[in-house]
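Secondary and tertiary structure notes
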Amino acid sequence: MNLPNMLEAKKRDNLEVNNIDYKSTLLDKSLVGKKYFVRTYGCQMNEHDGERIKGVLSSEGMIETDSLEEADLVILNTCAIRENAHDKVFGFMGLIKKLKESKPDLLMGICGCMAQEESVVNEIMSKYKYVDFVFGTHNLDDMINVINTRIKTNKQNIEVYSNSNNVCEGIPEKRESKYTAWVDIILGCDKFCTYCIVPYTRGKQRSRRKEDIISDVEKLVKDGYKEVTLLGQNVNAYGKDLYPDYTLADLFRDVSKTGIPRIRFVTSHPWDFTDEMIDAISELPNVMPYVHLPIQSGSDRILKLMGRRYTKEEYLTLYNKIREKVKGVSITTDIIVGFPGETREDFSETLDIVNTCKFDGAFTFIFSPRENTPAALLEDNVSLEEKNERLHELNELVNKYSNESNQREVGKVVKCLVLGKSEKDESKYMGYTENNKLVNIVSDIDVTGEIVDVKIDEAKSFSLNGTRV
Ligand code: SAH
Ligand code: SF4
Ligand code: F3S
């Protein structure tokens, strides 16, 4: 048994990254040939971890099911970013408790970012005894041992480490898509924005070796993939912890040479975004013109309290540079309202910056205090009613600009990577433009997995309608 410790999680050392190779472990015989159900919450990196959990279980002889009732093993891969992410998971756990009453052999485990939180693990140990095992973000590669120990000892098994210098290569993956793939390039985060739990749940910043990333992409090209998304909490810091002078700009150039038709990347922290990176994005034909550039607030006072390390002016300078240099770029952002101490004036500055930038899209959140983060200790003096009003007002504005951005696409012929049938209308296909807009496409033939020309006929707030030409 190993329990998470937030103080340990906060520590950063100067030790070198330890590259280890995945070693498989035989899964307990009682589960071989049985069915597993995995549900993942949270960001793309966690989605990708979900693909690894499935990859490992499948390679050990289990079979995936999307029916909870059929499952013999259920794993919830959780997110801790906001309180509502917690609530969803605890709600779902209740459902599984009921299932366990009629199916006593059913095993249930929790992993992901919530598993790294002391309070969550304490709660699981005291109140949720029916949770069979817990493992964290740093020992996903050891998941089979965690499950096996639970079966052997017949006791709740909690195995969570607070920090890690390891980067584990070669964990099996069962990818959701045959055409677009996630590729981690940098793990953890050292930014410690004062509101954010990620540096505690994902540990210290560790870049993967460039050759490992490039060989992953080469394999994906061979397997017919059309797109990769390079992932990290802050991809723009890539290489800093590993190479004297090899950066994301260099990685873009090397990944570009693999011939993968499309390269995307998320998320960009404004602090580490260099001119060389902007040049690489604008020059390389297969790096897509789409940047997710979270601003969080338009008030310098709040940005400082958030520990974001840039001012509104610095953000704007970067924003304008990207807009000027990268042809056809779309830029989206993240914004938090109701940070402790945010006045009406601070909030108006956020509205002002949205009016200035006219973002192509934005994800907006109400501040949620997270355990052990500095912002959770600040006096939360904005009423919930006021927070909701601010969120509503912001969303109206953000939607106006994303709608306008979509309207500008009408009449154009754009390249779309088609990913499958449209969810809303089975007679149509769905795909993404180079600047990451979702398009529902009319086509008389199945063009799934292809990059096709589409004429945009109509714009909705959050998607486009078009016809293959
Ligand atoms: N690494 C990314 C963000 C990852 S979390 C970056 O720095 O841009 C995604 C978004 O969740 C953040 O951009 C922020 O807007 C939001 N978020 C993070 N912590 C939050 C909190 N405690 N309350 C509300 N929103 C939060
Ligand atoms: Fe969180 Fe800031 Fe790191 Fe993003 S950069 S993950 S917001 S600490
Ligand atoms: Fe959530 Fe962890 Fe991602 S907290 S947003 S799943 S890094």
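Residues numbered from 1 in each chain as written. Chains lettered and ligands numbered in written order. Predicted model: local features only at pLDDT ≥ 70, side-chain atom pairs only at ≥ 80, totals over all residues. Heavy atoms only, no water.

Focus: the sheet that holds strand β2 (residues 35–40)
The strands that make up a sheet are held in pairs by hydrogen bonds between backbone atoms, and each pair lies either parallel or antiparallel. Ordered by their spatial adjacency, six strands build an open sheet running β3-β2-β4-β5-β6-β7, and the pairing between neighbours is parallel. Unpaired on one side and paired on the other, β3 (63–64) and β7 (157–159) mark the two borders of the sheet. Relative to β3, β2 runs parallel, the two sharing two bridges. From the neighbouring strand, K35 faces β3, where its bridge partner is I63. Packed onto the sheet, helix α2 (residues 44–59) meets β2, β3, β4 (73–78) and β5 (107–112) and runs at close to 170 degrees relative to β2. (Pairing = 2+ DSSP bridges. Helix = DSSP H or I, 4+ residues; strand = E, 2+ residues; numbered from the N terminus. Contact = heavy atoms within 4.5 Å. Axes fitted to C-alpha atoms, helices over the stretch in contact; angles between N-to-C directions.)

Things to note about the site of ligand 1
Near ligand 1, the surroundings consist of 15 residues, among which Q233, P294, Q296, D334 and S368 are the closest. A distance of 3.0 Å separates a nitrogen atom of ligand 1 from a polar atom in the backbone of Y195. Within the side chain of Q296, a nitrogen or oxygen atom sits 2.7 Å from an oxygen atom of ligand 1. Calculation on ligand 1 without its partners gives an accessible area of 540 Å², and the protein chains cover 90% of this total. Breaking the shell around ligand 1 down by element, the ones donating at least two residues are β15 (330–337) and β16 (361–366). Within the shell around ligand 1, the residues separate by chemical class into seven nonpolar, four polar and four charged. (Near = heavy atom within 4 Å. Polar contact = N/O pair within 3.5 Å; in protein donor to acceptor, adjacent residues only side chain to side chain. Areas by Shrake-Rupley, 256 points an atom, 1.4 Å probe, with all protein chains shown as cover. Nonpolar A, V, L, I, M, F, W, Y, C, P; charged D, E, K, R; others polar.)

Some remarks on the packing of helix α8 (residues 248–256) against helix α9 (residues 275–283)
Two quantities define a packed helix pair, namely the angle between the helix axes and the distance between the axes. Close contact between α8 and α9 brings their axes to 8 Å; oriented N to C, the two are set at 20 degrees. In terms of axis orientation, α8 runs roughly parallel to α9. Where α8 crosses over α9, the two elements pack in a sense that is left-handed. Residues L248, A249, F252 and R253 of α8 lie in contact with α9, whose contacting residues are E276, M277, D279, A280, I281 and E283. When the residues that make up the contact of α8 with α9 are grouped by side-chain class, the tally is six nonpolar, no polar and four charged. (Parallel < 35°, antiparallel > 145°, perpendicular 65-115°, else oblique. Left-handed = near helix turned anticlockwise from the far one by under 90°.)

Looking at the domain arrangement of the protein chain
By the assigned domains, the protein chain splits into domain 1 (6–166), domain 2 (167–407) and domain 3 (413–468). Using only C-alpha atoms to locate each centre, domain 1 and domain 3 end up separated by 36 Å. (Domains from an automatic or database assignment.)

Some points on the state of the cysteines
Taken as a whole and judged by the stated rule, the model has zero disulfides. Free cysteine C111: the closest other cysteine sulfur is in C113, separated by 9.6 Å. According to the relative accessible area criterion, C111 is buried, its value standing at 1%. C357 forms no disulfide, and the closest cysteine sulfur to it belongs to C193, at a distance of 18 Å. On the basis of relative accessible area, C357 is assigned to the buried category, the value being 4%. (Disulfide = S-S within 2.5 Å. Buried < 20%, exposed > 50% of the residue type's maximum accessible area, 1.4 Å probe, protein only.)

Some points on unusual backbone geometry
Backbone torsion omega between V266 and T267 reads -5 degrees, so that peptide bond is classified as cis. Mapped onto the elements of the fold, T267 is located in the loop between β13 (262–266) and α9. In this model, K358 sits at a positive phi of 50 degrees, which is unusual for a non-glycine residue. One can find K358 in the loop between α12 (344–357) and β16.

A look at the side chain of S177
When you line up the elements, S177 lands in the loop between β8 (166–169) and β9 (180–184). For S177, a relative accessible area of 17% puts it in the buried group. Among the polar contacts made by the side chain of S177, one reaches the main-chain amide nitrogen of Y179 at a distance of 2.9 Å. Here the side chain of S177 touches T180 through a polar contact of 3.0 Å, landing on its backbone nitrogen.

A closer look at helix α4 (residues 118–127)
Along an α-helix, residues three or four apart share an orientation, since each turn contains 3.6 residues. Every buried residue of α4 is listed here: V120, V121 and I124. Down the axis of α4, the buried set is contained in an arc of 95 degrees. They therefore lie on one face. Buried positions along α4 lie against α3 (83–102), β5, β6 (133–135) and β7. (Arc of directions from axis to C-beta.)

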